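A closer look at the structure
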Amino acid sequence: MEEDAIHDFIELTQCRDRKKAERYLRESHWNVNYALNDFYDKEVGNFFSTYKDVPQDNVVYPPELIHVFDQYSEAGVITFEGMITYIGDLSLSIDDLVTICLAQLLGWENLLAPITREQFLAQWFLQGCSTINEMKTVLADLNGKLEKDRGYFKEIYMYTFPLLVEPDQNKLDAASTIEYWKLFFDQEKKYPMIIDQELLDPWFVYLGEQSENMSVTEDIWKMVYQFFNRFRSLGDVKQGYDEMAAWPILIDEFIEYLQDTVPNF
Amino acid sequence: MALSKRIKITVPQVLANSNGKFSDSWLVLKEGLDKIYTDCIEDVSYQDLYKLVYSLVINENGELLYKHLKEYLVERLTSSMVETLMPEIPPNQEEGLEQTWTFLIKFDQFFEREAKRFKLVADVMIYFDKVYCNAQRIPEVFDLGLNAFRDTVVFPLKDNLNESIIKVINNARDEGQIKRSFVLEAVQISVLKSLFHMMETISAEKNDDPNHFYTGIFEPLLIERSSEYYRNNVDWTDYTALQTFEKMGAMIKFEKAFMEGLINPDSSHKLIDILTNTFVSGKLKDILGELINEVMTSKDRTLLQRLSSISEDEEYRRDLVEGVKDYISRDFYSIKLDEVTRKKAIAAAKWVSDLVEKFEQYSSFLKGAAFAESIPSNTANEGHSSSIASVLGDATSNFFADDPMQSAQFVSLYFDVQLKASKPSKAELGNVVMLLKFLSEKDEFVNVYKQQLSRRLLHQRTTIDMERYMINRIKDEMGSFFTLKLESMLRDVTTSSELLKSLPEHEKQFEFIPQVLTMTAWPFQNLNDFDADLILPRELQKVKENLEVAYNKKYNQRVLNWAHKLGLIEISYRFEKSSHDLAMSFYAGLIFLAFEEQDELTTEKLQQLTNLPEQELVKQLVTLAVAPRYRILLKEPNTKTIRMTDTFRVNERYTAATKSVRIQTVISPNTISNAVQDKNSQLDKERTIVTNAAIVRILKPSRQMIFDDLFDQAKKLVEQRFTLTKQTFKRSIDHLIDKEYVQRDPNDHEVYHYIT
């Protein structure tokens with residue numbers, strides 16, 4: 001009786017862990033239906049948030065999904081070039097912030113790291129997507145989330161730095177950092193962190209005047225977020241900025257720049 | 001008023017009226033007491049009265065007797081007071097002084113008389129005291145009398161008595177201020193003392209009050225009214241600050257002598273304190289600034305001593321010490337820096353020697369006055385100790401802090417000028433070394449000093465002995481950290497001269513002084529790469545090779561590079577009019593020596609002969625042929641620019657005022673500002689390195705720390721070298737984060753973690 005229940009449970013859930021199956025069943029007094037409900041509530045879409053948690057064996061991926069993978073992969077992985085094509089086919093550009101949402105979704109940790117078959121298939125499988133069009137829908141949802149959900153916006157911002165930085169490096173060059181700052185803060189103004197243009201414009205002018213060799217550490221990347229999160233306008237800065245606090249020099253010097261250039265600051 | 005209580009108590013042989021009524025016995029006793037009160041003492045039969053009291057006590061009439069006696073004494077006192085004392089009470093305090101005195105004298109006499117009677121009564125009642133009062137723990141008869149006196153006389157007349165005394169005291173003060181001497185007669189003093197004595201005899205309120213009237217009632221009033229008097233009745237108008245202070249001194253002195261002769265030491269002490277504090281927190285506070293100016297300008301030691309010993313009030317002492325510091329700092333500011341002269345070094349040295357002169361003056365003045373030594377470390381809670389050194393030191397530090405970099409540079413320049421002088425004075429140098437610890441940017445001082453030391457050593461403008469003396473003094477004052485490299489530089493010079501001795505004797509056409517320098521110790525940033533490829537005249541080449549051989553023999557593990565940039569060549573040349581010793585840079589020397597074999601050379605040819613790069617060659621040719629100061633060479637065509645085709649020859653008609661001529665390579669203004677910038681960024685770099693190390697040292701054991709704490713601790717750790725700015729600190733933090741020694745806390749960006 002119990003053996004049958006375990007067998008059914010494993011069959012239905014593809015859960016490879018016999019002990020886990022037993023646990024769910026015992027807690028549901030060996031009622032397979034309750035155990036399944038419990039399992040799906042707790043594990044799927046929660047525990048399995050990254051592809052690594054998806055059961056590897058016995059998963060039957062839809063052929064359409066495998067087809068999408070094969071289309072962009074080369075020797076079992078999707079390289080950067082493959083990704084560019086794939087991103088293009090999703091009607092996105094590498095410069096869209098949604099692309100970063102996609103990277104985060106797939107667990108793409110660095111642009112130059114290849115995406116494995118398992119990573120790609122399992123992640124989309126979890127999202128219930130098999131075709132490019134279905135994927136587009138998911139990405140459109142993420143884009144909406146990015147525009148509304150402050151927490152998600154921050155998550156994506158923080159994900160960006162490690163994604164962009166080259167392996168063996170810990171800094172980004174000024175030009176691409178500035179581009180991304182513009183994406184996050186400046187353009188379109190559709191994201192949840194809206195910064196007064198009077199503060200933002202001098203920021204980019206100031207960055208432009210910095211030497212071209214300027215490079216940005218992850219600390220600065222994070223602190224810039226903190227800075228704009230706290231100071232949304234010139235007035236905010238004037239009132240609340242304390243150069244004696246733990247801001248990095250780059251931001252201190254930006255405030256000096258404001259004092260030198262903005263009248264009545 | 002002490003009574004002899006050792007009278008032997010005897011049991012009377014015959015007991016009169018042993019069973020009689022109390023009222024009868026009391027009447028007899030009262031008759032006896034009446035005799036005492038009517039001054040017919042000789043009629044009193046002590047024997048009888050004693051017996052009577054004895055039998056009353058024996059028959060247990062003690063309580064009744066006590067009651068009757070008390071009533072009797074009060075009654076007697078009242079009538080006697082009404083009779084003798086009441087008429088003398090001054091109707092109000094505006095009454096004349098004479099009447100007040102009369103009252104006081106009468107009061108005193110009254111008390112003396114009544115007290116005497118109490119004693120006589122007590123003598124009669126001695127058995128009563130011993131057997132009844134002591135057993136019942138109630139006041140003996142004499143004390144009963146005093147208490148009755150207190151309640152009947154002193155309390156009702158309390159205000160009259162107190163005010164009268166204060167009135168005569170204040171009057172004596174008034175008079176004392178005018179006559180500056182004591183104005184009370186001996187009799188008056190003894191009346192007052194006698195009254196105070198009375199006050200000390202009777203208790204303040206109830207019978208068992210531990211305070212007597214004096215401390216419990218009179219003294220607080222006296223203190224209150226006296227401080228009122230000091231505050232309001234002294235007229236300071238028309239007094240200068242100094243006169244005011246003198247007057248305060250005189251008043252304190254007067255009051256001290258006056259009170260010590262009048263009241264008990266404890267009480268007079270209190271009064272003097274009150275008086276001093278009234279001055280110190282009042283008028284003296286207003287004039288302290290003026291007084292400090294006065295005392296510092298006149299350098300009046302005694303006055304300063306008096307200023308510092310007048311009060312031990314903490315606030316006053318702090319004000320005084322700070323005022324003195326402030327005065328000294330201000331006086332330092334009055335030192336003029338000659339900014340017009342072209343000899344900046346001389347001006348700076350003068351500035352420093354003026355400063356040290358003032359410093360010494362103040363030091364000996366403050367020491368002579370033992371200033372601040374007597375002042376307990378009252379400001380210790382603020383981390384200061386008020387020794388003379390720190391008063392003067394703080395003043396100097398404050399002064400230096402006004403332009404910390406310039407101060408550090410000037411002090412070093414002073415040493416440079418002195419050490420280059422023909423006979424530097426060790427004592428004077430030593431005095432200036434004393435100032436080093438007050439510099440906030442010590443690293444800047446050491447950097448400049450190192451530059452100047454290197455120039456002095458390389459150009460032989462100093463003696464090794466003096467330099468060693470200086471380095472040792474600097475080490476004593478600032479610690480060996482600062483002098484390690486300086487010492488190493490000196491060592492290089494010494495080893496170089498030993499190396500010279502080991503060179504083979506050869507035909508010496510010239511003197512050769514090699515200086516083998518340890519790269520890391522000397523302040524050279526970039527040497528010229530082309531030095532290795534220069535073509536030297538044959539003789540020079542030979543000594544160079546000899547030295548290399550000798551050196552490699554001695555230290556075969558070391559690499560020897562030639563730094564001709566630092567070298568100097570001195571050439572004696574006979575011009576048409578005069579002969580001169582020309583000292584010039586090594587490169588200029590190579591160019592000049594090329595004319596030994598040829599009269600005329602083109603720029604191009606000179607380049608071939610020396611292998612100097614064009615830029616350096618042009619710079620040297622500008623120095624030798626274009627700059628108006630020297631003109632050792634003549635250039636054809638005579639223009640300001642150098643072309644490769646220009647020709648040069650020695651200017652035989654050159655002449656100069658002195659035999660030896662020092663030819664300084666022309667420096668373009670550009671290079672100067674670059675050099676300054678280099679130096680500054682060099683200093684910044686060193687500071688960042690020191691700060692990095694400090695941060696790591698602090699953060700490593702504590703693992704994590706909040707921004708402000710970390711800054712404070714780092715600042716403390718490096719303060720012996722320089723003043724840490726937030727900017728340097730942040731630059732350092734940014735660097736450490738970048739190098740992954742330090743990480744910001746992901747949740748609190750003010751917190752830093754040490755990464756292992």
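Because the structure is predicted, anything quoted here is derived from the model rather than measured.

1. Considerations on the overall build of chain A
- Within chain A, the regular secondary structure consists of 14 helices and four strands.
- The buried share of chain A, taken over its 265 residues, is 46%.
- Within the structure as shown, chain A displays about 13,600 Å² of accessible surface, and the carbon and sulfur contribution to it stands at 48%.

2. Overview of the pattern of salt bridges
Residues and elements named next belong to chain B.
- One pass over the full model with this rule turns up 32 salt bridges over all chains.
- One salt bridge in this structure joins D354 and K350, with 2.9 Å as the shortest N-O distance. Separated by four residues within a single helix, D354 and K350 lie in helix α15 (residues 344-368), roughly one turn from each other.
- Residue classification places K350 among the partly exposed residues on the basis of a relative accessible area of 45%.
- Between R687 and D443 there is a salt bridge; the shortest N-O distance is 2.7 Å.

3. Description of the interface of chain B and chain A
- At the junction of the two partners, chain B supplies 14 residues and chain A supplies 15 residues.
- Between chain B and chain A lies a buried interface of about 1,300 Å² when both sides are counted; carbon and sulfur atoms form 48% of it.
- By the criterion of area lost to chain A, the three top residues of chain B are B:K730, B:D738 and B:H749, representing 41% of everything that side buries.
- Between chain B and chain A we count three salt bridges in total.
- B:D738 is the salt-bridge partner of A:K171, the closest N and O atoms lying 2.7 Å from each other.
- In this assembly, chain B and chain A are joined by 11 residue pairs in polar contact (both at pLDDT 80 or more).
- Secondary-structure elements contributing two or more residues to the side of chain B that touches chain A are α27 (707-718) and α28 (726-738) of chain B.
- Looking at the side of chain B that touches chain A, the element that brings in the most residues is α28(B), giving seven residues.

4. Quick notes on the pairing of strand β2 (residues 579-585) of chain B
Residue and element names in this part refer to chain B.
- When you tally the buried positions in β2, you get five out of seven residues, the bulk of the element.
- Direction of pairing for strand β1 (residues 568-574) relative to β2: antiparallel, over a ladder of seven bridges. Opposite Y573, over in β2, you have H580 as the bridge partner.
- The antiparallel hairpin formed by β1 and β2 contains four residues in its connecting segment.
- Bridge count between β2 and strand β6 (residues 660-662): three bridges; the pairing is parallel. Residue pairing for β6: A583 is matched across the bridge by R662.

5. A look at unusual backbone geometry
All names here are of chain B.
- Looking along the chain, the bond that leaves E636 and enters P637 is cis, with omega of -5 degrees.
- The topology assignment puts P637 in the loop between β4 (633-636) and β5 (647-650).
- Unusually for a residue other than glycine, R631 sits at a positive phi of about 50 degrees.
- For R631, the location among the structural elements is in the loop between α25 (614-626) and β4.
- For R631, a relative accessible area of 29% corresponds to the partly exposed category.
- Phi is positive for R703, close to 70 degrees, though the residue is something other than glycine.
- Tracing the backbone through its elements, the reader meets R703 in the loop between α26 (669-702) and β7 (704-706).

6. Some thoughts on the sheet that holds strand β8 (residues 742-744) of chain B
Residues and elements named next belong to chain B.
- Across the sheet, three strands lie side by side as β7-β9-β8; this open sheet has antiparallel pairing. A single partner strand is all that each edge strand has here, and the edge strands are β7 and β8. Within the sheet, the average angular offset between the axes of one strand and its neighbour, ignoring direction, is 25 degrees.
- Here β8 pairs with strand β9 (residues 751-754) via three bridges, running antiparallel. Bridge pairing in β9 links V742 to Y754.

7. Overview of a negative patch on the surface
Residues and elements named next belong to chain A.
- Among the surface-exposed residues, D242, E243, E256 and D260 lie close enough to one another that they form a single negatively charged patch.
- With respect to the element layout, E256 can be found in helix α14 (residues 249-261).
- For E256, a relative accessible area of 42% puts it in the partly exposed group.

8. Things to note about the confidence of the model for chain B
All names here are of chain B.
- A residue-level look at chain B finds 92% of positions with pLDDT of 70 or above and a mean pLDDT of 85.
- Counting interchain partners and residues more than four positions distant, the pLDDT-below-50 stretch residues 1-5 has nine contacts.
- Segment residues 377-385 is flagged for pLDDT under 50; beyond a separation of four residues in sequence, or across chains, it makes 10 contacts in the model.
- For this predicted complex, the interface score ipTM comes out at 0.70, while the overall pTM is 0.67.

9. Topic: the packing of helix α8 (residues 186-201) of chain B against helix α9 (residues 213-232) of chain B
Residue and element names in this part refer to chain B.
- Between α8 and α9, the shortest axis-to-axis distance is 7 Å and the interhelical angle comes to 125 degrees. As far as their axial angle goes, α9 and α8 are oblique. Here F196, M199 and E200 of α8 come into contact with α9, specifically with F213, Y214 and F218.
- Within the contact of α8 with α9, the residues separate by chemical class into five nonpolar, no polar and one charged.

10. Considering the environment of A:D149
Residue and element names in this part refer to chain A.
- Along the chain, the position of D149 falls in the loop between α8 (132-148) and α9 (150-164).
- Sequence-wise, D149 and P192 are 43 residues apart; in three dimensions their C-alpha atoms are separated by 7.0 Å.
- In this structure the side chain of D149 is engaged in a polar contact, spanning 3.1 Å, whose partner is the backbone nitrogen of Y152.

11. Some words on the packing of aromatic side chains
- In total, this model carries 68 aromatic pairs over all chains according to the counting rule given.
- Ring geometry for A:Y157 versus A:F184: centroids 5.0 Å apart, planes at 70 degrees, classification edge-to-face. Linking A:Y157 in helix α9 with A:F184 in helix α10 (residues 174-186), this pair joins segments that are 27 residues apart in sequence.
- Across from the ring centre of B:W236, 5.4 Å away, lies the NZ or CZ of B:K247, which sits over that ring.
- The residue whose ring lies beneath B:R721 is B:F481, and the NZ or CZ to ring-centre distance is 3.4 Å.

12. What about helix α11 (residues 197-209) of chain A?
Residue and element names in this part refer to chain A.
- Look at α11: 18 Å from first C-alpha to last across 13 residues, which is about the 18 Å you get at 1.5 Å a residue.
- Among the residues of α11, L199, L200, P202, W203, F204, Y206 and L207 are the ones counted as buried.
- Where α11 is buried, its residues touch α10, α12 (218-230), α13 (234-240) and α14.

13. Considerations on helix α5 (residues 126-136) of chain B
Residue and element names in this part refer to chain B.
- Every buried residue of α5 is listed here: I126, Y127, F128, D129, Y132 and C133.
- At its buried positions, α5 is contacted by α2 (46-58), α3 (62-85), α4 (97-124) and α6 (141-154).
- Positive backbone phi, approximately 55 degrees, marks R137, located one or two places after α5.

14. A short note on the sheet that holds β6(B)
Residue and element names in this part refer to chain B.
- Within the open sheet, the three strands sit side by side as β1-β2-β6. Their pairing is mixed. In this open sheet, the two strands that pair with only one neighbour each are β1 and β6. On average, each strand axis in the sheet is inclined to that of its neighbour by 20 degrees, with strand direction left out of account.
- Here helix α23 (residues 586-594) sits on the sheet in contact with β1 and β2, set at roughly 130 degrees to β2.

Reading the values: rules and limits
Residues numbered from 1 in each chain as written. Chains lettered and ligands numbered in written order. Predicted model: local features only at pLDDT ≥ 70, side-chain atom pairs only at ≥ 80, totals over all residues. Heavy atoms only, no water. Helix = DSSP H or I, 4+ residues; strand = E, 2+ residues; numbered from the N terminus. Buried < 20%, exposed > 50% of the residue type's maximum accessible area, 1.4 Å probe, protein only. Areas by Shrake-Rupley, 256 points an atom, 1.4 Å probe, with all protein chains shown as cover. Salt bridge = Lys/Arg side-chain N within 4 Å of Asp/Glu carboxyl O. Contact = heavy atoms within 4.5 Å. Buried area = accessible area lost by both parts, 1.4 Å probe. Polar contact = N/O pair within 3.5 Å; in protein donor to acceptor, adjacent residues only side chain to side chain. Pairing = 2+ DSSP bridges. Axes fitted to C-alpha atoms, helices over the stretch in contact; angles between N-to-C directions. Patch = residues over 30% accessible without salt bridge, like charges linked within 9 Å, V, L, I, M, F, W, Y side chains within 5 Å. Lys, Arg positive; Asp, Glu negative; His and termini not counted. Charge placed at Lys NZ, Arg CZ, Asp CG, Glu CD. pLDDT = per-residue confidence, 0-100. Parallel < 35°, antiparallel > 145°, perpendicular 65-115°, else oblique. Nonpolar A, V, L, I, M, F, W, Y, C, P; charged D, E, K, R; others polar. Phe/Tyr/Trp six-rings, centres within 6.5 Å; stacked < 30°, edge-to-face > 60°. Lys NZ or Arg CZ within 6 Å of the ring centre and 35° of its normal. Expected span 1.5 Å × (residues − 1).

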